[in-house]
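Residue strings, one per chain:
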Amino acid sequence: MTVAAIVPAAGRGERLGPGVPKAMRPLGGTPMLVHAVRGMLSARLVDLVVVAAPPGDEAEVLSVLASHDIGKEVRVVAGGATRQDSVRRALESLPADVDIVLVHDAARPLTPSEIADAVVQKVRSGSDAVVPGLAVADTIKRVDADGVVTETLRRSELVAVQTPQGFTRELLAKAHDAALIDGFDASDDAGLAERVGAAVTVVAGSEEAFKVTRPADLLFAEALLRERRAR
C-alpha cells in the first residue's frame, strides 16, 4: 500500500500572535512546517508528503522546503479557507496509487516518526481510521452556557487526540464528500470519519506530539528541540 501524508499549513495561527503564518514560525531557526514534514518523511512507511499552503504562496512554501534537507518527495498545493478545505484539496491532488492517507498538523512539529508508522500499521491491519491519543491527566467537566457544571466526565474513558491521523483513502474521501455536501465542519478528520459511521481506533500517542498553539507552547518546543539536539 502506498502512503501519503497531508500537512495542512494554510492557517494564520492567530493565538500564537502576529507575524508570519504559524507553520512558518521558526523553531530552532527552522520553520515548524519543515520540522513537521521531516518527521513524516522520516517514517519508514510514508512515501509522499503533500503540503497545503496558503493560496498564492505555493511557490514560496516549496522554495522553503527545497532549501532544507527534506529527503523524499514533497508536493505543495493551494489550501483553502479552513483546515478542512485544505485537507480536501490536498486529498484530491493525491496520485491514484495512494491507498492510505495520514493527516498531520504542521503545528505538531516534534511528533516522533514512530507515531506515523504505528498509525499506518494499524490501518494496514484492517482499521479504517486510526488516531494517536494520550490519557487525560486533568479532570474534565461539562458546563452549560452560564458556566455551571452539568457533568464530570470519567477520565478513564477520555483521551487527548493527536496527529497524524490515518485513514483508508476511500473512507477519508467519503467523509470529506459528505461534509462538503452537508456543510459540516469538524475539528479533526476523525470527527468526519465518525460522522459517516466509521469506527476510529486509538493507538498510543506521545508527549512530544503536542500542538504549538500559544507562545508558551513555542517556548516548550524550543526547550525540547534543544534537548534532542544535545542528545
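All figures in this text were calculated on a predicted structure; none of them were measured in a lab. (Residues numbered from 1 in each chain as written. Predicted model: local features only at pLDDT ≥ 70, side-chain atom pairs only at ≥ 80, totals over all residues. Heavy atoms only, no water.)

Looking at this model, I keep getting lost on empty space enclosed by the protein. Mind explaining?
Think of a ball as big as a water molecule: rolled over the atoms, this probe shows where empty space is left. Taken as a whole and judged by the stated rule, the model has one cavity of 30 Å³ or more. Around the largest cavity sit Ala9, Pro21, Ala23, Met24, Leu33, Val51, Ala53, Pro54 and Val61, which together line it. (1 Å grid on protein atoms, 1.4 Å probe; cavity = no way out; pocket = protein on both sides within 12 Å on 5 of 7 lines; lining within 4 Å. Points joined across faces, edges and corners; volume = space filled by probe spheres on them.)

Help me understand the nonpolar core, please; the structure alone is not making it clear to me.
One recurring pattern in soluble globular proteins is that nonpolar side chains are buried together. Core analysis: the largest hydrophobic core is formed by 32 residues, its most contacted members being Leu33, Val37, Val49, Val51, Leu65, Val74 and Leu102. At the level of secondary structure, the elements contributing two or more residues to this core comprise strand 1 (2–8), helix 1 (32–41), strand 4 (48–53), helix 2 (58–66), strand 5 (73–78), strand 6 (98–103) and helix 4 (113–124). In contact with Leu102, not counting residues within four places along its chain, are Val3, Ala4, Ala5, Ile6, Val46, Ala116, Val119, Val120, Pro164, Gln165 and Gly166. If you look at the next biggest cluster of nonpolar residues, it comprises 19 residues, including Val77, Ala90, Val98 and Val103. (Core = buried A, V, L, I, M, F, W, Y, C linked by side-chain atoms within 4.5 Å. Buried < 20%, exposed > 50% of the residue type's maximum accessible area, 1.4 Å probe, protein only. Helix = DSSP H or I, 4+ residues; strand = E, 2+ residues; numbered from the N terminus. Contact = heavy atoms within 4.5 Å.)

What is the right way to look at the pairing of strand 7 (residues 129–135) in this model?
For strand 7, the buried fraction is high: five of the seven residues fall into the buried class. Where strand 7 meets strand 11 (residues 165–168), two bridges bridge the pair, whose relative direction is antiparallel. When the bridges of strand 11 are listed, Ala129 appears paired with Phe167. Examined bridge by bridge, strand 7 and strand 12 (residues 200–204) share five bridges and lie parallel to one another. Directly across from Val130, in strand 12, lies its bridge partner Thr201. Sheet topology note: the strand 7/strand 10 (residues 159–161) ladder contains three bridges and is antiparallel. Bridging across to strand 10, Ala135 finds its partner in Val159. (Pairing = 2+ DSSP bridges.)

What am I meant to see in unusual backbone geometry here?
Residues apart from glycine generally show negative phi values, whereas peptide bonds are mostly found in trans. In the segment running from Thr163 into Pro164, the intervening peptide bond is cis, with an omega of 10°. Turning to its location among the elements, Pro164 is positioned in the loop between strand 10 and strand 11.

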